[in-house]
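Structural characterization, general
So you can see what is in the structure, the chains are spelled out below.
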Amino acid sequence: MLYHLHVKDLALIEEADVEFGEGLNILTGETGAGKSILIGSINLALGAKANKDIIRNGKEFGFVELVFGGFSEHQLEKLKELELEPEDDQIIIRRKISKTRSEIKINDETATLSKLRAVTELLIDIHGQHEHQSLLRDGYHLKILDDFQLKSTGELRNEIRSTYHQYTELKEKLESFTMDESERQRELDFLKFEIQDIEEAELKDGEEEELAEKYRKYQNSQKIFVSVSETKELLENLDLSSAVKGIQNALQYDESLKNISDSIYDLESIADDTVRELDRYLDDNVYDEEDFNRIEERLDFIRNILMKYGGSVEKVEQALEEKKARLLELEDYDEAREKCRKELSSVEKKLLSLCDALSKERQKGAEVLSEAIRQEMTEMGFLDVRFSMAFTKLATPGANGMDEAHFVVSLNPGEPVRPLSEVASGGELSRIMLSIKTVLANTDEIPTLIFDEVDTGISGRTAEKVSAKLSKIAKLHQVILITHLPQIAAKADLHFCIEKTVEEGHTHTNIRPLSEEESVLELGRLLAGDSVTDAVLANARELKHLAKTTG
């Protein structure tokens, strides 16, 4: 989830830090206080286009930082696929915007915009009037359906991905059968040469390391000889026999020296043994120029083979098997081509059959999902709504089947259903997404959801319904929400106030967490504006109490 937000010198925000928590995080404030700037700052950190005008007047750059943590196993696997691992169970995203450039860092390493977006799509989803609206992204509606049907179609979709991979490999292979006889013969001759080259090398595991060690030893043989000889001479010059005699004389008068005497005997014995070992080493390790040249030649040959065919013995052996297989294929070229064509035809039939089965399951699931979303929308103020999913069949199969799908909606009686992007406003999109998130609460894997203007155009009972759904989602996700409705704000697990102040002729936006009593005062402001009376505060406390008792 999102632990921490730090913003510096962006628009009206000079510097702000927000510590978010689990559950429902509510942000409220007067119109113009800077709520949109806060969401805009988060969007910048997620990869939104950086406008230099957002930098605070008089400053050279603006800065925003997001700290994420508490990752699921699924998220960790996906992050690993993106070659990113949390440090101290945290992912820290920083974006610095100047007048001329934008700098992105993930855990202190510079990242591209595409990588930033790939990472943040796993961690957070924002819904509202901005360019990160998931509901307007191509392919997102089909993902919603597939998430909804995970248990019923998950294995089928995995089988399609695997079969599609096999299909594309066979297709590429068949397309490679285009050479004429002279090209075939040239490749045959070259393959035979390479196979002979590898086989004659007779590579063995560990041989290069063993020869390299011997080579280094020969290269430094003179240094080794001098050092060993000096060591032997030093040991020989030790007068340990005199030390033995001296301690024996003392031992006649003091038996407590027995252990010391034994130690000196041992030292003399060890020294004598070591000198003999050093003698043997010097006798056995005489520099042999012929052997040195043989090792050097073999080492160069091995390294040349490794460089040409893969870099390791294992990869060279793998390359040898692949070349032998290709040789057999070229020797029976026409037969191999026909075999590949038949395999491709068989796999294509299987893939099309699987895609057809998935399409049928998706269409059945789409009816159930659409009706569930329609019911949720009805409870959130869309009184006469039609909601469904339109399918288009692709011309060719892909890794995710042959379906394109998007939600279509009619929000008013007598109007035809049309794509969401043509019908819904930003606030309506937020409520539609809230309906979807309510239906998918148990399957959605994105841990942090941000809703901006989810309550636009609603009040009364609809607002209560929206607040209840937000509370439901917040039991399984971290929810961050900007609202102006007291019915929703009363549900907050953490309540933050966004305020605008003027100091020394400069406007500032500040964000601070509210205590229980401060939250009641803020609810009173939302209820009655500037006229916060005792009766309004009593109403605010009752609203807060009801929110707690009804969950």
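See the structure printed just above.
Residues numbered from 1 in each chain as written. Predicted model: local features only at pLDDT ≥ 70, side-chain atom pairs only at ≥ 80, totals over all residues. Heavy atoms only, no water.

1. Some points on the overall build of the protein chain
Within the protein chain, the regular secondary structure consists of 19 helices and 15 strands. A globule of 551 residues ought to have a C-alpha radius of gyration of about 24 Å, yet the protein chain, at 37 Å, is considerably larger. Counting only C-alpha atoms, the protein chain reaches 105 × 90 × 50 Å along its principal axes. With 551 residues in all, the protein chain has 44% of them scored as buried. Partitioning the intrachain contacts of the protein chain with sequence separation of at least 6 by distance along the chain shows that 70% fall at a separation of at least 24. Within the structure as shown, the protein chain displays about 30400 Å² of accessible surface, and the carbon and sulfur contribution to it stands at 48%. Of note, the protein chain has its 71 positive side-chain charges centred 7 Å away from the centre of its 111 negative side-chain charges. (Helix = DSSP H or I, 4+ residues; strand = E, 2+ residues; numbered from the N terminus. Rg over C-alpha atoms; globule rule 2.2 N^0.38 Å. Buried < 20%, exposed > 50% of the residue type's maximum accessible area, 1.4 Å probe, protein only. Contact = heavy atoms within 4.5 Å. Areas by Shrake-Rupley, 256 points an atom, 1.4 Å probe, with all protein chains shown as cover. Lys, Arg positive; Asp, Glu negative; His and termini not counted. Charge placed at Lys NZ, Arg CZ, Asp CG, Glu CD.)

2. Brief notes about the layout of surface pockets
Using a probe with the size of a water molecule, rolled over the atoms, empty space left in the structure can be pinpointed. Within this model, the largest pocket holds a volume of roughly 1100 Å³. In terms of lining residues, the largest pocket is bounded by 41 residues, among which Glu121, Leu122, Lys143, Asp147 and Ile446 are the most central. Contributing elements (two or more residues each) for the lining of the largest pocket: helix H2 (73–81), helix H3 (113–120), strand S8 (124–127), helix H4 (140–148), helix H5 (150–175) and helix H15 (426–439). Among the residues making up the lining of the largest pocket, the classes are represented as 14 nonpolar, 11 polar and 16 charged. (1 Å grid on protein atoms, 1.4 Å probe; cavity = no way out; pocket = protein on both sides within 12 Å on 5 of 7 lines; lining within 4 Å. Points joined across faces, edges and corners; volume = space filled by probe spheres on them. Nonpolar A, V, L, I, M, F, W, Y, C, P; charged D, E, K, R; others polar.)

3. Points about the sheet that holds strand S4 (residues 61–69)
With antiparallel pairing, the six strands of this open sheet are ordered in space as S2-S1-S4-S5-S6-S7. The sheet is open, and its two edges are formed by strand S2 (13–19) and strand S7 (109–110), each paired on a single side. Where helix H1 (residues 35–45) meets the sheet, its contacts fall on strand S1 (2–10), S2, S4 and strand S5 (90–98), and the angle it forms with S1 comes to roughly 105 degrees. Relative to the sheet, H3 contacts S5 and strand S6 (102–106), its axis offset from that of S6 by approximately 45 degrees. (Pairing = 2+ DSSP bridges. Axes fitted to C-alpha atoms, helices over the stretch in contact; angles between N-to-C directions.)

4. Some points on the packing of aromatic side chains
Two numbers describe a pair of aromatic rings. These are the distance of the centres and the angle of the planes. In this structure the tally under the stated criterion is six aromatic pairs. Arranged with centres 6.2 Å apart and planes meeting at 35 degrees, the rings of Tyr164 and Tyr167 form a pair that is tilted. Of this pair, Tyr164 and Tyr167 both sit in helix H5, three residues apart, which is roughly one turn of the helix. Its relative accessible area of 10% is what places Tyr167 among the buried residues. With a centroid separation of 5.2 Å and 50 degrees between ring planes, the pair formed by Phe177 and Tyr333 is classed as tilted. Taken together, the residues span a long stretch of sequence, with Phe177 in the loop between H5 and helix H6 (181–201) and Tyr333 in helix H13 (residues 333–379) at a distance of 156 residues. (Phe/Tyr/Trp six-rings, centres within 6.5 Å; stacked < 30°, edge-to-face > 60°.)

5. Side note on the packing of helix H8 (residues 221–236) against helix H10 (residues 258–284)
A pair of packed helices is characterised by two quantities: the angle between their axes and the separation of those axes. Where H8 meets H10, the axes come as close as 10 Å, and the angle between the chain directions of the two elements is 155 degrees. Taken together, H8 and H10 sit at an angle that is classed as roughly antiparallel. H10 is crossed by H8, and the crossing has left-handed handedness. Taking contact as the criterion, the partners of Ile224, Phe225, Val228, Ser229, Thr231, Lys232, Leu235 and Glu236 in H8 are, on H10, Thr274, Val275, Leu278, Asp279, Tyr281 and Leu282. (Parallel < 35°, antiparallel > 145°, perpendicular 65-115°, else oblique. Left-handed = near helix turned anticlockwise from the far one by under 90°.)

6. Points about the nonpolar core
Formed by 51 residues in total, the largest nonpolar core has its most connected members in Met377, Phe407, Ile432, Ile436 and Leu470. In this structure Met377 touches Phe382, Val385, Phe387, Val409, Leu411, Ile432 and Ser435, once residues within four positions along its chain are discounted. Within the second largest apolar cluster, 41 residues are counted, among which are Phe71, Leu84, Leu122 and Ile480. (Core = buried A, V, L, I, M, F, W, Y, C linked by side-chain atoms within 4.5 Å.)

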